[in-house]
Amino acid sequence: MSDLDQTDRRILRELDSDARMPVAMIAQRLGLARGTVQARLDKLDAAGALRLASTRITPQALGRPVAASVQVELDQHSIAEAIAALADIPEVLECFAPAGDTDLLLRVVARDPDDLYRVSEEIRLCPGIRRTSTSLFLRTVIPYRVTGLLAEG
């Protein structure tokens, strides 16, 4: 959804500053009717513009401080089976289909390096996966953010 107007952006900026802010407070802060804010949020949610609330929870809080990316090479005839199997692995937080030599790119988490090995093996043994390559994230230097994008427009 790229056709956000200034009112949508103002509402999203408020949510970006405090994702738990009640609709009534957003309306009050922006000088809008509560129904207007709720309708806009419902529209944004239906359009897929809002992430799930569970994305606010850090993997570290769930005992998974180790993060990594896993590049996956697939058997091109088994893409759907591989993706279905990967979706069943709780430690796979995201799966992307990038352009280039990599078929899939995963963001995974684990308890420790030994657990990362277990997760990597579970991924490698999924149907349709030919090869994997894992890169450990040492530190987050720029966390996920959209604040700058909300300022555009």
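Coordinates for the structure precede this section.
Residues numbered from 1 in each chain as written. Predicted model: local features only at pLDDT ≥ 70, side-chain atom pairs only at ≥ 80, totals over all residues. Heavy atoms only, no water.

A. Representation of the overall build of the protein chain within the structure. Tallying secondary structure elements over the protein chain gives 6 helices and 4 strands in all. Going residue by residue from the N terminus, the α and β elements of the protein chain occur as α-α-α-β-α-β-β-α-β-α. Over its C-alpha trace the protein chain gives a radius of gyration of 19 Å, far above what one expects of a compact globule, namely 15 Å for 153 residues. Principal axes of the C-alpha set define a box for the protein chain whose edges measure 55 × 35 × 25 Å. Surface summary for the protein chain: the accessible area is close to 10,100 Å², and the carbon and sulfur share equals 53%. Charged side chains in the protein chain number 19 positive and 22 negative. The centres of these two groups are separated by 8 Å. (Helix = DSSP H or I, 4+ residues; strand = E, 2+ residues; numbered from the N terminus. Rg over C-alpha atoms; globule rule 2.2 N^0.38 Å. Areas by Shrake-Rupley, 256 points an atom, 1.4 Å probe, with all protein chains shown as cover. Lys, Arg positive; Asp, Glu negative; His and termini not counted. Charge placed at Lys NZ, Arg CZ, Asp CG, Glu CD.)

B. The arrangement of the nonpolar core in detail. By size, the foremost hydrophobic cluster in this structure holds 19 residues, and its most contacted members are Val 72, Leu 86, Leu 106, Val 108, Ile 123 and Ile 129. Counting residues per element, the ones that place at least two in this core are strand 1 (66-74), helix 4 (79-87), strand 3 (104-110) and helix 5 (113-124). The leading source of residues in this core is strand 1, at 5 residues. Once residues within four sequence positions are removed from consideration, Val 72 is found in contact with Thr 102, Asp 103, Leu 104, Leu 106, Ile 123, Ile 129, Arg 131 and Thr 132. One finds Leu 4, Ile 11, Leu 15 and Leu 44 within the second-largest nonpolar core, a separate group that totals 13 residues. (Core = buried A, V, L, I, M, F, W, Y, C linked by side-chain atoms within 4.5 Å. Buried < 20%, exposed > 50% of the residue type's maximum accessible area, 1.4 Å probe, protein only. Contact = heavy atoms within 4.5 Å.)

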